[in-house]
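In case you want the letters, here they are:
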Amino acid sequence: MIGLGAPLVLGRTARGGPTYLVAGAILLTFMLSYVLFRDWERFGPLLLRHRWLLAPDMALSGLLLVTATADSPLGLVALCTPLLAGLVYGWRGSAVYAALQAALVAGVGTGVGAGVGAGGIVLPALCLLAGAAGASLRDLLLRFGAASQALTETRARLAAAEAVRAERDRLAREMHDSVSKTLHGLALAADALARTGDPDALHERAALVADAARRAARESRALLTDLRAAPGVSLAAELHALGADAELRLAAELPEVPAAVARQVVAVASEALENARRHADAARVVVEAVVEAAHLTLTVWDDGRGLPGGIDLAALRRAGRFGLLGMTERAAAIGARLHIGPRPGGAPGTQVRLDLPLTGAL
């Protein structure tokens, strides 16, 4: 307001001493106001603790009223003190400063222009209105702040609940794809061991039980530690561990990926192999992995009887069948796309294809 009104006031001031007097008052008022605005982080808390600090601001606006007269454009600077008092101190503080500023304006001069209200009551009245406006704006800002804080707290609670749910789903996938299957195999081997009378078969099946128990222990330990110590692993080495159950066709050079990504990719492939072995009656299962244009494509296909129909994830969840659901969630967790369906070209069997952009996974 000082910057807008100063050229008009100086243009209407007589040359010589009056011009220097008005210019000095304008410069002093403007610089002090600018310092307060620029270093508000330092002076703001002081202003909140000491209400009398607004008195110098009122004195400076009074200086402008005396030098440039109240009917000049700089007379509107007097509205800033009660407005700031309302913003900082609320209704009580604005009432005191608005009343004092109105009295000061009425004592120095009246009116803001030649054609404005008789008796010089307009500018004092505007001072009172400015104080009320500042206090009202303060209340509105405080309400917005409270609403914003409540919204932030609600979002934080929702984020925490979502994180808990995501972690619960992740643990459910890990349990289903690793420990649960191993323990199920262990139980089957133990049942077969109990029904075996042949010493040689007994020895062989006891070895299978021991191997399954050790594998379950390793999987449980990996689940608990979540592979935090491994920043990057060879995806080819991880996929080669599946070679006993499938025919592997891997690209010559597969990149190293973070352990969490490799674990999800291998888990998808392992689940696809398990489904082919248990449900498809497949004679041949092939795992292919190629890298083209910063994309990894992992394909698992078999020559079995194929899927009975369309995939309904909600129905699978209700039926307690979490294999395909877990594969979909694992792909989404690493930003990959998963397609499960019949083999292309009308060939018998099922194809599972995982498309992973390596730019986001590395």
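So, here is what we can say about the structure in this document.

About the thresholds
Every residue gets a number counted from 1 within its own chain, in the order that chain's sequence is written. With pLDDT at 70 or above as the cut-off, local features in this predicted model cover only qualifying residues; side-chain atom pairs require 80 or more to be listed or tallied, and sums for whole chains, interfaces and linings still use all residues. To obtain the side-chain values, all non-hydrogen atoms of the structure were used and water was disregarded. Two strands make a pair as long as DSSP finds a minimum of two bridges between them. What counts as a helix is a DSSP run of H or I of at least four residues, what counts as a strand is a run of E of at least two, and both are numbered from the N terminus. Only the contacting stretch of a helix is used when fitting its axis, a line to C-alpha atoms as for every element, and angles between N-to-C directions run 0 to 180 degrees. Contacts are assigned to residue pairs with any non-hydrogen atoms lying within 4.5 Å of each other. The working definition used for a salt bridge is a side-chain nitrogen of Lys or Arg within 4 Å of a carboxyl oxygen of Asp or Glu. The rule is simple: take the accessible area with a 1.4 Å probe, protein chains only, and divide by the maximum for that residue type; under 20% is buried, over 50% is exposed, in between is partly exposed. Note on terminology: angles under 35 degrees are roughly parallel, angles over 145 are roughly antiparallel, angles of 65 to 115 are roughly perpendicular, and the others are oblique. Here is the rule for handedness: rotate from the far helix to the near one, and if that takes an anticlockwise turn smaller than a right angle the crossing is left-handed, while a clockwise turn gives right-handed.

Notes on the sheet that holds strand β5 (residues 295–302)
The strand order across the open sheet built from five strands is β2-β4-β5-β7-β6, with neighbouring strands paired in mixed fashion. Strands with a single pairing partner mark the edges of an open sheet, and in this sheet they are β2 (247–250) and β6 (337–342). Geometrically, the sheet is characterised by an average inter-axis angle of 10° between neighbouring strands, direction not taken into account. Sitting on the sheet, helix α11 (residues 323–333) touches β6 and β7 (350–357), and the angle it makes with β6 is about 145°.

Topic: the pattern of salt bridges
By the definition in use, this model includes six salt bridges. Among the ionic pairs, Glu-247 bridges to Arg-284, the shortest N-O distance being 3.1 Å. Residue Glu-247 is located in strand β2, and its partner Arg-284 is located in the loop between α9 (259–279) and β4 (285–292); the two are separated by 37 residues in the primary sequence. Looking at Glu-247, the relative accessible area reads 32%, which means it is partly exposed. Here Arg-277 ties to Glu-274 by a salt bridge, and the two come within 2.7 Å at their closest N and O atoms. Placement of the pair is Arg-277 and Glu-274 together in helix α9, with a separation of three residues, close to one helical turn. Using a relative accessible area of 16% as the deciding quantity, one classes Glu-274 as buried.

Things to note about the packing of α9 against α11
Contact pair α9 / α11: the axes reach a minimum separation of 9 Å and the direction vectors enclose 160°. Judged by the inter-axis angle, α9 sits roughly antiparallel to α11. Considering only the axes of α9 and α11, their crossing is left-handed. Across from Gln-264, Ala-267, Val-268, Glu-271, Ala-272 and Asn-275 in α9, the residues of α11 making contact are Gly-323, Leu-324, Met-327, Arg-330 and Ala-333.

What about the pairing of β4?
For a regular strand, the rule is simple: side chains alternate between the two faces of the sheet. In terms of strand pairing, β2 meets β4 through four bridges, oriented parallel. Across the sheet, residue Leu-248 finds its bridge partner in β4, namely Val-287. Relative to β5, β4 runs antiparallel, the two sharing eight bridges. Residue pairing in the sheet places Glu-288 in a bridge with Thr-299 of β5.

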